[in-house]
Amino acid sequence: MSSTPSPGRLTVITGPSGVGKGTLVNLLLERHPAMWLSVSATTRAPRPGEEEGVQYFFMERPAFEQLVGRGGLLEWAEFAGNLYGTPRQPVEAQLAAGHPVLLEIELEGARQVRQSFPGAFQLFVAPPSFAELERRIRGRGTDSEEAIQRRLARARVELEAATEFDAVLVNSDLETALLKLEELMGLAVAG
Ligand code: ADP
Ligand code: 5GP
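Here the structure is a predicted model, which means the values were calculated and not measured. (Residues numbered from 1 in each chain as written. Chains lettered and ligands numbered in written order. Predicted model: local features only at pLDDT ≥ 70, side-chain atom pairs only at ≥ 80, totals over all residues. Heavy atoms only, no water.)

S.K.: I'd love a proper account of the site of ligand 1, names of residues and values included.
M.R.: By nearness alone, 14 residues border ligand 1, and Gly18, Gly22, Thr23, Arg140 and Asn171 come closest of all. Within the backbone of Val19, an N or O atom sits 3.3 Å from an oxygen atom of ligand 1. Gly20 is positioned such that a nitrogen or oxygen atom in its backbone is 3.0 Å from an oxygen atom of ligand 1. Contact with the protein chains hides 73% of the accessible area of ligand 1, taken as 570 Å² for the molecule alone. Going through the elements one at a time, helix 1 (21-31) and helix 5 (130-140) are the ones with two or more residues in the shell around ligand 1. If one sorts the elements of the shell around ligand 1 by residue count, helix 1 sits on top with three residues. Among the residues forming the shell around ligand 1, the class breakdown is three nonpolar, seven polar and four charged. (Near = heavy atom within 4 Å. Polar contact = N/O pair within 3.5 Å; in protein donor to acceptor, adjacent residues only side chain to side chain. Areas by Shrake-Rupley, 256 points an atom, 1.4 Å probe, with all protein chains shown as cover. Helix = DSSP H or I, 4+ residues; strand = E, 2+ residues; numbered from the N terminus. Nonpolar A, V, L, I, M, F, W, Y, C, P; charged D, E, K, R; others polar.)

S.K.: Which residues make up the site of ligand 2, and what values go with them?
M.R.: Around ligand 2 sit 16 residues, and of these Ser40, Arg44, Tyr56, Tyr84 and Glu106 come closest. At 2.5 Å from an oxygen atom of ligand 2 is found a side-chain nitrogen or oxygen belonging to Tyr56. Contact with the protein chains hides 96% of the accessible area of ligand 2, taken as 510 Å² for the molecule alone. Contributing elements (two or more residues each) for the shell around ligand 2: strand 5 (73-79) and strand 6 (82-87).

Next up, the structure:
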């Protein structure tokens, strides 16, 4: 029944595009409503069904760059031709209020957070195989062929960095991976 998320703890979830990070995080949030997921800013165009302020804050490049200039982002990086970043203020406010905070970000951003929040728990989600990763990206059906190729090229680099993380979670069977994620985060559901 009751879960025990660590108060005020920051968790970073990284892994190649298409590995299932978003799917796992959504399931985790359903089961642990006290967790707070940071909504990132991005210059990427919304995918069908994505809403402003829900999946992302969508913005043009000059507005994003202004935000960087003002120190408004905790971390930011370029990924597959677009900029992505974590708004600083809401994360700091949630942590100060003692809420467990999740960031779902790519490798360069995770490295920045490792410097600024050395106490954060850093998790890498890996696919069972590269072929399965490609199947999932294509199966999602949201990206152009060019975007898929850029994401696959970047995935090879990200996979090599898995050993930098506190833990690696292989997302083979979804339900098994979710239970393992809860265990790694100390969120085992009692009863
Ligand atoms: P990411 O957020 O890492 O880019 P998504 O959560 O969008 O990845 O998942 C990519 C695709 O893979 C989606 O179509 C999703 O339904 C599917 N998927 C996620 N986890 C699994 C799994 N364990 N087994 C099979 N398919 C999965
Ligand atoms: P997508 O375009 O598929 O939504 O996201 C592409 C990549 O950007 C994913 O690896 C995702 O984790 C990452 N990402 C999303 N938001 C942020 C962010 O705020 N900062 C960084 N560094 N990466 C992010």
